[in-house]
Amino acid sequence: MTRELTPREIVRELDRYIIGQDEAKRQVAIALRNRYRRSLVDEALRDEIFPKNILMIGPTGVGKTEIARRLAKLVNAPFVKVEATKFTEVGYVGRDVESIIRDLAENAVRMVQGEHEERIRARAEVLAEDQLLTLLASPPPKQAANPIDLLLRGRQKEPDMSDEERQRLTGRRAELMQRLRSGVLEDEELEIEVEEGTPQLEVGGASINIGDMMGGMMPKKTKLRRVKVKEARKILTQQEAQKLIDMDAVKEEAIRRTEQHGIVFIDEIDKIAGRSSASSGPDVSREGVQRDILPIVEGSVVNTKHGAVRTDFILFIAAGAFHVAKVSDLIPELQGRFPVQVTLKSLTREDFVRILSQPENALTLQYAALLGADKVRLTFEEDALVQIAQAACNLNDAGENIGARRLHAVFEELLEDISFNAGGDEMPEVELAITSQYVLDHVKAAKKADLRKHIL
């Protein structure tokens with residue numbers, strides 16, 4: 001499983017997408033590996049080993065959120081990312097922070113359910129194919145107008161089929177199966193019965209399924225849909241998979257994973273840190289949010305619709321720029337629950353150049369792929385990358401420093417003309433190399449302004 005990666009392997013995976021910030025990568029790698037190490041410890045001692053929560057400190061755009069996002073894909077564990085500011089919105093001060101754990105449990109259920117579906121997919125596809133053949137051989141009767149008609153129809157005895165009819169139907173099924181597997185019938189239309197969506201109720205900014213509230217007492221309504229065979233196959237496969245899955249087992253495994261391997265990333269935690277000199281006003285409400293978050297970080301039991309979740313062994317990773325507030329402005333109890341504090345460094349021009357050339361998802365590769373769809377083969381010379389990086393630095397120096405996010409703005413300005421003119425059947429395939437001169441001509445910030453002429 002992916003969570004058995006060693007710390008060195010985890011860092012190596014993160015290096016594929018994130019430049020620099022080696023200390024932060026090492027700390028999250030150690031924390032993840034410790035989850036696996038703890039699972040091998042004797043059970044008597046295991047409950048005494050708690051995760052060492054991490055606080056990442058650094059300016060915006062240096063990789064804090066990206067590290068968390070990549071971890072979500074890297075580890076086979078339930079993961080949820082929340083913004084701390086969500087709990088300080090007008091009208092939602094002290095909003096139900098336990099929703100963090102409920103979202104985490106929901107993600108775990110989806111994850112485990114997906115794994116179970118993968119295991120029984122082959123069987124579900126066979127059953128779905130059988131249903132498709134039945135529908136193609138003998139389309140279903142029109143849906144009854146009301147439940148009473150359904151009951152009456154259900155009580156009526158189905159007429160017996162003669163041997164000749166049964167043989168004819170068998171022969172037709174064999175012919176249809178051959179045509180179905182050859183792909184001839186993919187665009188044929190048929191009617192299938194699907195469940196109607198259960199009404200959603202909006203409460204406190206969250207959607208609640210009325211069917212869940214009623215504990216499944218409400219009968220599920222169905223309707224007839226006319227779809228193509230290729231779409232019907234997907235719908236029927238999904239329906240058959242749902243019937244084969246033991247949802248009680250799924251929920252039990254999901255709760256276990258949430259408790260033992262869950263990871264919560266709390267972003268913008270500095271926004272709920274009150275200034276030490278303040279004694280009233282908004283800082284009081286921020287402190288209230290901290291006190292609401294504290295119990296789930298310390299360890300408590302949160303009730304979810306899938307079962308009770310104990311939060312003692314969930315790993316919490318928090319992040320914040322701390323430009324105005326300081327870490328010491330957080331309440332002492334919350335500070336103590338994040339013993340590992342890592343400071344991320346601001347990015348330099350050299351870092352920007354590496355960001356543009358080394359990661360597997362580099363912006364240069366992304367824009368080349370996008371414009372490649374319109375027959376523009378885009379390449380970037382090395383000197384051009386230096387000029388792009390310098391333009392991003394100039395913009396960060398002149399205004400708000402938003403780190404690597406500034407590169408997106410530079411690229412949009414740089415490739416605006418190309419993106420606008422590319423496309424259309426009449427356009428031939430073109431090769432375009434972005435040079436340093438092209439960057440200087442199309443990005444205003446690439447030319448460093450001489451500030452001396454503005455000095456009086």
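Residues numbered from 1 in each chain as written. Predicted model: local features only at pLDDT ≥ 70, side-chain atom pairs only at ≥ 80, totals over all residues. Heavy atoms only, no water.

Caption draft 1: Representation of the sheet that holds strand β1 (residues 54-57) in the model. Reading across from one edge, β2-β7-β10-β1-β11 is the order of the 5 strands in this open sheet, with parallel pairing throughout. With partners counted over all chains shown, the strands left at the sheet margins are β2 (79-83) and β11 (340-343), one partner each. For this sheet the average axis-to-axis angle between neighbouring strands, irrespective of direction, equals 15°. Looking at chain direction, β1 and β11 are connected through 4 bridges and run parallel. Residue pairing across strands places Met56 opposite Val342, the latter belonging to β11. (Pairing = 2+ DSSP bridges. Helix = DSSP H or I, 4+ residues; strand = E, 2+ residues; numbered from the N terminus. Axes fitted to C-alpha atoms, helices over the stretch in contact; angles between N-to-C directions.)

Caption draft 2: Layout of the side chain of Arg257. Position of Arg257 relative to the elements: it lies in helix α11 (residues 247-261). Arg257 sits in the buried class, given a relative accessible area of 7%. In contact with Arg257, not counting residues within four places along its chain, are Asn76, Pro78, Met111, Val112, Glu115 and Gly262. (Buried < 20%, exposed > 50% of the residue type's maximum accessible area, 1.4 Å probe, protein only. Contact = heavy atoms within 4.5 Å.)

Caption draft 3: A look at the packing of helix α1 (residues 7-15) against helix α4 (residues 64-74). The N-to-C vectors of α1 and α4 enclose an angle of 120°; their axes lie 10 Å apart at closest approach. Between α1 and α4, the crossing angle belongs to the class labelled oblique. Regarding α1 and α4, the two cross each other, and that crossing is right-handed. Between α1 and α4, the residues in contact are Ile10, Glu13 and Leu14 and Ile67, Arg70, Leu71 and Leu74, respectively. Residue composition of the contact of α1 with α4, by class: 5 nonpolar, no polar and 2 charged. (Parallel < 35°, antiparallel > 145°, perpendicular 65-115°, else oblique. Left-handed = near helix turned anticlockwise from the far one by under 90°. Nonpolar A, V, L, I, M, F, W, Y, C, P; charged D, E, K, R; others polar.)

Caption draft 4: Expanded view of helix α14 (residues 349-357). Of the positions making up α14, those classed as buried are Asp351, Phe352, Val353, Ile355 and Leu356. Buried positions along α14 lie against α15 (363-372), α16 (382-398) and α17 (406-414).

Caption draft 5: Geometry of the confidence of the model for the protein. Scored by pLDDT, the protein has a mean of 81; 81% of the residues are at 70 or more. Note that pLDDT drops below 50 for residues 450-456; the model gives that stretch 0 contacts with residues more than four away or on any other chain. (pLDDT = per-residue confidence, 0-100.)

Caption draft 6: Spotlight on the pattern of salt bridges. One pass over the structure, following the stated rule, counts 24 salt bridges. Close ionic contact of Glu66 with Arg70 constitutes a salt bridge, the shortest N to O distance being 3.0 Å. Placement of both Glu66 and Arg70 in helix α4 is noted, with a separation of 4 residues, approximately one turn of the helix. Comparing Glu66 with Arg70 shows no difference in burial state: the two are buried. Ionic pairing is found between Glu106 and Lys305, a salt bridge with its closest N-O pair at 3.8 Å. Remark: Lys305 occurs in the loop between β8 (301-304) and β9 (307-310) and Glu106 occurs in helix α5 (residues 99-119); sequence separation between them is 199 residues. (Salt bridge = Lys/Arg side-chain N within 4 Å of Asp/Glu carboxyl O.)

Caption draft 7: The arrangement of the packing of aromatic side chains in detail. Applying the stated criterion to the full structure yields 3 aromatic pairs. When the ring of Tyr367 is compared with that of Phe411, the centres are 5.1 Å apart and the planes differ by 15°; the resulting orientation is stacked. In this pair, Tyr367 is assigned in helix α15 and Phe411 in helix α17, connecting sequence segments 44 residues apart. This pair shows no difference in class: Tyr367 is buried, exactly as Phe411 is. Taken together, the aromatic side chains of Tyr367, Phe380 and Phe411 make up a single cluster linked through ring pairs. The ring of Tyr17 is capped by Arg70, whose NZ or CZ atom sits 3.9 Å from the centre of that ring. (Phe/Tyr/Trp six-rings, centres within 6.5 Å; stacked < 30°, edge-to-face > 60°. Lys NZ or Arg CZ within 6 Å of the ring centre and 35° of its normal.)

Caption draft 8: Representation of unusual backbone geometry within the structure. Despite not being glycine, Gln21 shows a phi value in the positive range, around 55°. If you trace the backbone, Gln21 turns up in the loop between α1 and α2 (22-40). Positive phi, normally seen in glycine, also occurs at Phe322, with a value near 55°. You can call Phe322 buried: its relative accessible area is 11%.

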